[in-house]
Amino acid sequence: MSKLETFTAPEIIETVALSNLYLSDINPRQEVADEGIALLAESLVTCGLIQNLSGLRDKDGKVGIVAGGRRFRALNIAVTERPDLANVPVKITDNPFVAEQWANAENTAREELDPIDEVRAYGKMAAKSLSVGKISNAFGVTEAHVRRRLALADLPDAVLDAVKAGEISQGIAKTMTICDDEAKILEALEGVKAGRLYNEYYVRQALTPESVRNTDRKAKFVGQDAFEEAGGTVTSDLFQNETLFKDPELLERLYSEKLEAEAEKLREAEGWAWAMTTDDSNPYFYEVRDAHGVAQTPAVEGVLTEEQTERFDELAELEEGDALDEAGQAELDALQKVLDGEYEPEQKAIAGIMVFVRHNGEISALRGLIKPEDQAAAIEQELIEAPSKPSKATAPQAEKPAFSQKFIDDMKAIRLAAVQTAMLDKPEYVLSLFAFYATPASGHYTSLFGFGYGGAENNKPEIDDQFVLDPRLGGERDEAAEEAYSQFQEMAGKGSVEAFKAFRDLGKKTRNGEITAFLARRFTTQRADFMAEIAADVGAEIRSIWTPSAANCFKRLEGVQLDELYKDLLDLHMDTDDYRAFSKSKKGEKNEAMHKLFNDPEHQKALRVTPEQKARIDAWVPECF
């Protein structure tokens, strides 16, 4: 018999009486904690034996357990409450070499439970009032892992059956945990099977169409406690680490009321003549001027001493490198306030403020605004200058930009994230790019990677609606990334020598993955031609991580831009009824119509969108780079 044949000895699963089993000497788990065995016995009583044991048949016909020693010990306890556990499924071999391989595998790479079997097992244990801590101890997993599995256990059986049968993905099932309405969940399940809801976004929209994330600035500003005190309800998404506010109309009302109240407080505290609010998250003065006809009286600028100027530059550099502590930030803010200047009482007596909520949920304001009806008095008091009136023949007419700078900045961040995401699957390309960067071939003028104080370039838009950043690029980690991160943290606790050995043992795939992710996170935007070449090489697709919506795109475009886009995407002529109806609708209606065109398959079906038009819609991105 060849050596190869000894590796391929047949494996047979037999049902063996517990009395005919014993712990083999080659089983690596000779000593275990009694408490852990007792907990595992509780799980066996509740759930039964989910994984078979593995053993070597001896010359007397009995079977020595070489893999599954903890389960074997727990079975001997659990059988007193569940007699049916007296007969045990065991994978058996007569070959000692194969048995030793099984024993080694048990100690290094234990076969994982089927995820849905694990979900149901945890659910049964929780139903028996076992705590999350006890379940995690019994199965040797983290409590966070148990909580996520229990969230899935609360789903209807039909959903879990569909995951196990491969009809839907685990990601779809995880998305369904945000809803507690079984009828809605089952309806969404049928939608997934029928192909109407073909990814997690559409499932989320079907189950919580109006919900607002806790990362939304309005939710941050109002706060979860205030929202719930006012009668609002929330649901947690354990897999996305976010909370959903389920009553957007209530949230909007609370937001408006609080914003008005905070604006009045700020007006009184600073002594302004009036205050108004805006829903914009970061209004520019020229936008406010054009919309409301206001002028702005300038603050009386302050002057820093030479010593203060040096200190300001020092603190600003620390802030840029994210190395500024709380005391330093307070000092920098105070110096910035001096530079910004202050308003005199006579200015405040006629001027006012426009108050708004920034993306981080905090209050801010445009100050020193003067209404049209007060501008003549302000000119007389020399608070503002009288407007000059150049002749129409000589006055230059500045062309209005097609896109706002904030929108362009967001799209640049999304494009960078798309390139970085594609790089994650191109380790050889990324290493070549890094090698080029490190050699004279690059001319030493190309800053391909951000390793300095500034760190990585921003790859997340301010309005991140329908934007998905790969966990490997930063931000929230998914379940697999969280487990890998925990593993690295455990290594660090062993000291550098042992940690490095343990890391090397993970193999080249892990090493290359970490290097690639590290460099991808730090890749920075290049000149237009070089950026386009790199994007094409790695196959970067903006639409793979971002979908245009009313919030992130269409509200930020002009109505005439939407008219032209709608016409081009659907092959319409200007004299068609469909185009005329769209072009004559209100801006808000246009925003909603464009949102549905890009995000609602049923709406596309109603419009009879052709495959060619669908491909055009799925590929469209703003031409703003």
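For the structure itself, look to the data block above.
Note that the coordinates shown come from a computational prediction; the quantities given were computed from them, not determined experimentally.

Conventions and cut-offs
Residues numbered from 1 in each chain as written. Predicted model: local features only at pLDDT ≥ 70, side-chain atom pairs only at ≥ 80, totals over all residues. Heavy atoms only, no water. Helix = DSSP H or I, 4+ residues; strand = E, 2+ residues; numbered from the N terminus. Buried < 20%, exposed > 50% of the residue type's maximum accessible area, 1.4 Å probe, protein only. Contact = heavy atoms within 4.5 Å. Areas by Shrake-Rupley, 256 points an atom, 1.4 Å probe, with all protein chains shown as cover. Salt bridge = Lys/Arg side-chain N within 4 Å of Asp/Glu carboxyl O. Pairing = 2+ DSSP bridges. Patch = residues over 30% accessible without salt bridge, like charges linked within 9 Å, V, L, I, M, F, W, Y side chains within 5 Å.

**Q** In this structure, what is going on with the overall build of the protein? I would like to understand it.
**A** Within the protein, the secondary structure is distributed over 30 helices and 12 strands. Looking at the protein residue by residue over its 625 residues, the buried ones come to 40%. A separation of at least 24 residues holds for 72% of the contacts in the protein among residues at least 6 apart in sequence. Carbon and sulfur atoms form 49% of the exposed surface of the protein, whose accessible area is close to 35,100 Å².

**Q** Teacher, can you tell me more about the pattern of salt bridges here?
**A** Across all of its chains, the model carries 29 salt bridges by this definition. Residue Asp157 pairs with Arg120 through a salt bridge whose shortest N-O separation is 4.0 Å. Here Arg120 lies in helix α5 (residues 115-127) and Asp157 lies in helix α8 (residues 157-164), a separation of 37 residues in the sequence. Owing to a relative accessible area of 53%, Asp157 belongs among the exposed residues under this scheme. Here the residues in one salt-bridge network are Arg217, Lys218, Glu252 and Asp279, joined through shared partners.

**Q** Can you walk me through the sheet that holds strand β8 (residues 242-245) in this structure?
**A** Through backbone hydrogen bonds, the strands of a sheet pair up, either in parallel or in antiparallel fashion. Pairing is antiparallel across the open sheet formed by three strands, whose spatial order is β6-β8-β7. Each of the sheet's edge strands pairs with one partner strand only, and the pair in question is β6 (212-213) and β7 (234-237). Relative to β8, β7 runs antiparallel, the two sharing four bridges. If you follow Ser236 over to β8, its bridge partner there is Thr243.

**Q** Looking at this structure, how should I read unusual backbone geometry?
**A** Only a minority of non-glycine residues have a phi that is not negative, and only a minority of peptide bonds are not trans. Phi is positive for Glu382, close to 60°, though the residue is something other than glycine. The topology assignment puts Glu382 in the loop between α19 (375-380) and α20 (405-423). You can call Glu382 exposed: its relative accessible area is 71%. Phi is positive for Arg608, close to 60°, though the residue is something other than glycine. Note on placement: Arg608 falls in the loop between α29 (601-606) and α30 (611-619). Under the relative-accessibility criterion, Arg608 is labelled exposed at 72%.

**Q** For this particular structure, what's the right way to read a nonpolar patch on the surface?
**A** Together, Phe434, Phe451 and Phe518 give the surface a local cluster of nonpolar side chains, amounting to about 250 Å² of exposed area. Mapped onto the elements, Phe518 comes out in helix α24 (residues 508-522).

**Q** Which parts of the structure should I look at to understand the environment of Phe451?
**A** Within the element layout of this structure, Phe451 appears in the loop between α21 (427-438) and α22 (479-492). Separated by 71 residues in sequence, Phe451 and Arg522 have C-alpha atoms that sit 7.0 Å apart. The residues touching Phe451, leaving out its near neighbours within four places in the chain, are Phe434, Tyr437, Phe518, Leu519 and Arg522.

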